[in-house]
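Working through the structure, step by step
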Amino acid sequence: AENLERITPPELRFRIVSALPIAMRDGALIEYRLRLGGVPFGWTTRIAAWEPPFRFIDRMLSGPYRQWVHEHLFEAKDGGTLMRDRVEYAVPGWLLEPLVDAWVVGPDVRRIFAWRREKMQELFQGADFWPLAEGRQFLPRETREYVPMVLASIVIARNPGHYGFSLTPAEL
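Described in the following lines is the structure provided in the data block. What you are looking at is a predicted structure, and each value in this text was computed from that prediction instead of being measured. (Residues numbered from 1 in each chain as written. Predicted model: local features only at pLDDT ≥ 70, side-chain atom pairs only at ≥ 80, totals over all residues. Heavy atoms only, no water.)

Moving on, we come to unusual backbone geometry. With an omega dihedral of -5°, the bond running from Leu20 to Pro21 counts as a cis peptide bond. For Pro21, the position within the fold is in the loop between strand S1 (15-16) and strand S2 (29-36). The omega angle of the peptide bond from Pro52 to Pro53 is 5°, so this bond is cis rather than trans. With respect to the secondary-structure elements, Pro53 resides in the loop between strand S3 (39-51) and strand S4 (55-62). Despite not being glycine, Arg13 shows a phi value in the positive range, around 50°. By secondary structure assignment, the location of Arg13 is in the segment before S1. Its relative accessible area of 56% is what places Arg13 among the exposed residues. (Helix = DSSP H or I, 4+ residues; strand = E, 2+ residues; numbered from the N terminus. Buried < 20%, exposed > 50% of the residue type's maximum accessible area, 1.4 Å probe, protein only.)

Attention now moves to the sheet that holds S3. Reading across from one edge, S1-S2-S3-S4-S5-S6 is the order of the six strands in this open sheet, with antiparallel pairing throughout. Either end of the sheet is taken by a strand with one partner, and the two such strands are S1 and strand S6 (80-90). Sheet topology note: the S1/S2 ladder contains two bridges and is antiparallel. Looking at S2, one finds that Ile16 is bridged to Tyr32. Along the sheet, helix H1 (residues 97-123) contacts strand S5 (67-77) and S6; its crossing angle with S6, the most-contacted strand, is approximately 160°. (Pairing = 2+ DSSP bridges. Contact = heavy atoms within 4.5 Å. Axes fitted to C-alpha atoms, helices over the stretch in contact; angles between N-to-C directions.)

Okay, here's the thing in structure tokens:
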């Protein structure tokens with residue numbers, strides 16, 4: 001959770017107000033402050049699903065939207081990790097909701113996620129995930145130790161023979 005500030009556009013002035021570090025798990029609560037269109041908002045999220053290394057879901061409990069459900073999906077692909085975001089949201093505005101979404105919120109959400117995608121590529125470029133365990137001090141210790149092992153396991157499981165492993169049917 002602590003890395004959200006690094007992958008959020010600076011103009012949003014995003015900051016976590018919950019006590020750190022946050023133990024990521026089902027039911028974990030995270031409180032943020034940010035600015036949308038220059039207007040300050042509080043935002044409280046509950047982790048609705050925590051299924052590492054495959055996915056997690058955060059659900060807004062209070063904040064600027066009527067609804068915000070964000071699913072983060074991770075899958076091994078071509079020797080690396082494909083990360084996808086799926087967001088379901090509803091904006092306030094009652095009868096004007098379609099216009100508010102089309103002219104303001106929708107373009108902002110697409111811009112924020114495009115920025116995040118570029119930032120993630122900058123931070124984690126290439127398929128070499130082992131630097132996560134070494135020089136990336138902005139990651140919590142648990143992440144630096146856990147993520148490279150999980151990613152390595154996924155890569156090896158996709159092609160065990162290439163890495164000198166052989167599996168018998170009983171082991172599958």
